[in-house]
Amino acid sequence: MAPQLDGYFKQVDKLSESFIERLGKAVSIPSVSADAARRPDVVKMSEFLVSELKALGAHVESRPLGVQPGTENLDLPPVIVARYGSSPQKRTILVYGHYDVQPARKEDGWATDPFKLSVDDQGRMYGRGSTDDKGPVLGWLNAIQAHKEAGIELPVNLLMCFEGMEEYGSEGLDEFIEKEAKPGGFFEKAEAVCISDNYWLGTEKPCLTYGLRGCNYYSVTVSGPGQDLHSGIFGGSAQEPMTDLVRVLGKLVDTDGKIQIPGINEMVAPLSEDEKSLYEDISYSMANLYESLGSKTGIYADKENTLMARWRYPSLSVHGIEGAFADPGAKTVIPAKVIGKFSIRTVPNMESDKVDSLVFKFIKDEFAKLGSKNTVSVKLLHAGNWWVASPKHWNYSAAGRAVEKVFGVKPDLTREGGSIPVTLTFEKATGKNVLLLPMGSSTDAAHSINEKLDRRNYIEGTKLLGAYLHFVAEEEMKA
Ligand SMILES: C[C@H](N)C(=O)N[C@@H](Cc1c[nH]cn1)C(=O)O
Ligand SMILES: [Zn+2]
Ligand SMILES: [Zn+2]
C-alpha cells in the first residue's frame, strides 16, 4: 500500500502543471446553469469532460435529461456517467460532482476575468468554478491519470456521475439516479458514494462532512402598472410594486437572522446535550469566520453558536430583485414588475412541503396587510432536502486514513451549511453510505467574486482522492 501511494503521490507532483492547465481549460468554459443563454456553454463543458475521460480510457456516456421544466424547449444539460474498471475482485465506488457554475461578471467586482484561470504568486488560482466544483471534479480525472502514468492499478472500480444543473437545484437528476441505482442500472454495483463539493472549515485542517442543509428557493412577483413609469409624473399617484415588494421582503427575517415566518422555527429538531458537546472540539475560531467573511459582521460572538447557526438551524437569505434598477447612476424609474428572490436553508426535521405552505401563506397575508392594489404571486423555484448521515462507516474511516496520510492530521467531522440536493437521493436510491470529502478551503469564496482554489488544495486534494480509493480498498479487506 504505502509504496504504491508514494509512487502515486510522486506522479501527481510530476503532473501538477498539466493538472492546472486542465483546470484552466475547464474554467474558460462559462458553464452557468442559471442562465438559459449560457446553456450551449454548459453543454460544451460536458463535452470537454467526455473527451478528457475518453482520453484516459474510461467508458463514458452522455445521457440526456429532456426539457427543463417550466421552459418550452430548453434542453437540460446531459449527465455524464463514466466507469473506470469493472473487476469483480474490487470494490466499486461512485463519485459525484457538478460541472456547472454560478453566474459571474467582471463588473460584479472580480479583480480578474472570472472565466480565465489566474494564478498569483501565492498559488491562489482564481476563476469561477475553480473550487465549486470544477477543481474537485477534475481531481478524480487527475487521480486516474496519475495512476495510469505511474503504472499503478486503480485499487477500486470507479463510477462517476457529473451533472450540469447543481447550481440550479439539480433539475431532473433525482429520477435519473433512482433509475440507474436499480438492478441493471449504471450505479447498481456502487458500494459507497463520495462527493467532493464542499469546503474545509478553515485553511489548514481538512474535514469529512456528514450533513448538509437543504435549500428551498422562492420568487415573489409584484406587478401593477402596464409598463415602467416616470417617477416625476406618476410618483405619488400610482401604487409602486417595488415599495410593496421590499416591505414584504423586509418582514421575512430580522437583522440577527431570526426567521419571522410563524411555524418555521418550531419544526427544527431540539438540540441535545450530546450534540451540543460536539461543537466544542471542532477546530474553528472566530478569526476563521472573520477571515472568510472579510469583515467582523458575524451575528454571534462565539464559535459554537456560529457553527450551530450554519449547520443545524435554518436561515433565510434575500438574494436579489429582478426588474429593479441596479445599474450605477440615478434613473428615476418606477419598475412595473419586480421579482424578489429568497431562499430558506432547511434542517432536520423541517418538511419541505410544509415550509412551502407556511411561506406562501405568510407572503399572501403580509401583502394583504399592505392594502395594495398591485398583485402578488409566490413560486417555489427549486428545492433540495437536508441530509445527515452516520460517519461511523468504513467509507469515513478510509477517508480519515487518507487525510492522515496526505496531510498528517486527523480530520474534523463537520456538517455543511450549503446544500447538494442529490446527496439524500444517492443515499436512498443506492442504500449505501455517502461521504463528503472536500478539496477547497474556507477562504475560497465559492458563489462570490474572486472565487479561487489554492494550488496546494488542488494538488494535495488530488492525492487525497486517490489515497481515499486505496484505503477504501483496504477497508474492504478488513471488513
Ligand atoms: C455546497 C455546494 N458546492 C453548493 O454550492 N451548493 C449550492 C446548491 C444550490 C441550491 N440551490 C441552488 N444551488 C448551494 O448550497 O447554494
Ligand atoms: Zn455552488
Ligand atoms: Zn458545488
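Residues numbered from 1 in each chain as written. Chains lettered and ligands numbered in written order. Predicted model: local features only at pLDDT ≥ 70, side-chain atom pairs only at ≥ 80, totals over all residues.

1. Here we look at the overall build of the protein
A tally of regular secondary structure across the protein gives 13 helices and 18 strands. Taken over the C-alpha trace, the protein has a radius of gyration of 23 Å; the compact-globule value for 479 residues is 23 Å, and the two agree within 12%. Expressed as lengths along the three principal axes of its C-alpha atoms, the size of the protein is roughly 80 × 50 × 50 Å. Out of the 479 residues belonging to the protein, those deemed buried represent 44%. A separation of at least 24 residues holds for 79% of the contacts in the protein among residues at least 6 apart in sequence. (Helix = DSSP H or I, 4+ residues; strand = E, 2+ residues; numbered from the N terminus. Rg over C-alpha atoms; globule rule 2.2 N^0.38 Å. Buried ≥ 20, exposed ≤ 12 C-beta atoms within 10 Å, placed from the backbone. Contact = placed C-beta atoms within 7 Å.)

2. Here's the deal with helix α6 (residues 241-249)
Taken together, the buried positions of α6 are P241, M242, D244, L245 and V248. Seen end-on, α6 carries its buried residues on one side only, within an arc spanning 160 degrees. The elements touched by buried residues of α6 are β9 (214-223), β11 (315-322), β13 (337-346) and α10 (352-370). (Arc of directions from axis to C-beta.)

3. Re the site of ligand 1
The environment of ligand 1 is made up of 14 residues, and the closest members are D132, D197, C215, G418 and S419. Of all elements in the fold, only α3 (130-150) and β9 reach the threshold of two or more residues within the shell around ligand 1. Counted by class, the shell around ligand 1 contains 4 nonpolar, 5 polar and 5 charged residues. (Near = placed C-beta within 6 Å. Nonpolar A, V, L, I, M, F, W, Y, C, P; charged D, E, K, R; others polar.)

4. Details of the pairing of strand β3 (residues 92-98)
With 7 of 7 residues buried, β3 is to be regarded as a mostly interior element. Of the two faces of β3, the one carrying T92, L94, Y96 and H98 and the one carrying I93, V95 and G97 are both buried. Where β3 meets strand β6 (residues 157-163), 7 bridges bridge the pair, whose relative direction is parallel. Paired with T92 across the strands is N157, a residue of β6. Taken together, the 4 bridges between β3 and strand β7 (residues 192-195) define a ladder with parallel strand orientation. Following the sheet pairing, L94 is matched in β7 by V193. (Pairing = 2+ DSSP bridges.)

5. Quick word on the sheet that holds strand β18 (residues 452-454)
Strand order in the open sheet formed by 3 strands is β4-β5-β18, and the pairing between neighbours is antiparallel. Unpaired on one side and paired on the other, β4 (118-119) and β18 mark the two borders of the sheet. As defined by bridge partners, β4 adjoins strand β5 (residues 124-126) across 2 bridges and the pair is classed as antiparallel. By the bridge assignment for β5, S118 is matched with Y126. Contacts between α3 and the sheet are confined to β5 and β18, with β18 contributing the most and set at about 50 degrees to the helix. (Axes fitted to C-alpha atoms, helices over the stretch in contact; angles between N-to-C directions.)

6. Some details on the UniProt feature "binding site: Mn(2+) 2" (unreviewed entry) in the protein
Feature annotation in UniProt assigns "binding site: Mn(2+) 2" (unreviewed entry) to the following positions: H98, D132 and D197. These annotated residues cover 100 residues of sequence, and their C-alpha atoms lie no more than 8.1 Å from one another, placing them together at a single site. Topologically, D132 is positioned in helix α3. Apart from the residues lying within four places of it in its own chain, the contact partners of D132 are A446, H447 and E451. What D197 contacts, discounting residues up to four positions off in sequence, is G97, H98, D133, P136 and I420. (UniProt positions renumbered as here; feature names shortened; annotations may be inferred.)

7. A look at the UniProt feature "domain: Peptidase M20 dimerisation" (unreviewed entry) in the protein
UniProt marks residues 219-368 with the feature "domain: Peptidase M20 dimerisation" (unreviewed entry), using the numbering shown here. Between the C-alpha atoms that bound residues 219-368 the distance is 17 Å, and the span itself is 35% helix and 18% strand.

8. A closer look at the nonpolar core
I93 and Y468 are the most contacted members of the largest nonpolar core, which has 115 residues in total. It is helix α13 (residues 455-478) that provides the largest number of residues to this core, a total of 9 residues. Both domains that furnish three or more residues to this core are identified here as domain 1 (2-212 + 386-478) and domain 2 (214-269 + 312-384). When residues no more than four places from it in sequence are discounted, the contact partners of I93 are V156, L158, L159, E191, A192, C194, L469 and V472. (Core = buried A, V, L, I, M, F, W, Y, C linked by C-beta atoms within 7 Å. Domains from an automatic or database assignment.)

9. Let's talk about the sheet that holds β9
Hydrogen bonds along the backbone pair up the strands of a sheet, which may run parallel or antiparallel. An order of β11-β13-β9-β14 is seen for the 4 strands of this open sheet, with the pairing classed as antiparallel. What marks the edges here is a single partner per strand, and that holds for β11 and β14 (375-384). Neighbouring strand axes in the sheet, compared pairwise and without regard to direction, differ in orientation by 20 degrees on average. Note that β9 and β13 share 10 bridges and pair antiparallel. Paired with Y218 across the two strands is F342, which belongs to β13. Strands β9, β11 and β13 of the sheet are contacted by α6, whose axis makes an angle of about 10 degrees with β13. In the packing of α10 onto the sheet, contacts are made with β9, β13 and β14, and the angle to β14 comes to roughly 160 degrees.

10. Here we look at unusual backbone geometry
Going from D132 to D133, the amide bond is cis rather than trans, its omega being 5 degrees. Here D133 shows up in helix α3. Backbone torsion omega between P348 and N349 reads 0 degrees, so that peptide bond is classified as cis. Here N349 is to be found in the loop between β13 and α10. Phi is positive for S170, which is not a glycine, with a value near 55 degrees. By the element assignment, S170 lies in the loop between β6 and α4 (173-180). Backbone geometry at A445 places phi at a positive 60 degrees, although glycine is not the residue there. Relative to the helices and strands, A445 is located in the loop between β17 (434-436) and β18.

11. Things to note about the domain arrangement of the protein
We note that the domain assignment places domain 1 (2-212 + 386-478) and domain 2 (214-269 + 312-384) within the protein. Centre-to-centre, using C-alpha coordinates, domain 1 lies 34 Å away from domain 2. Each side of the interface is counted separately: domain 1 has 10 residues, and domain 2 has 11 residues. Classifying every residue of the side of domain 1 that touches domain 2 by side-chain character gives 4 nonpolar, 4 polar and 2 charged.

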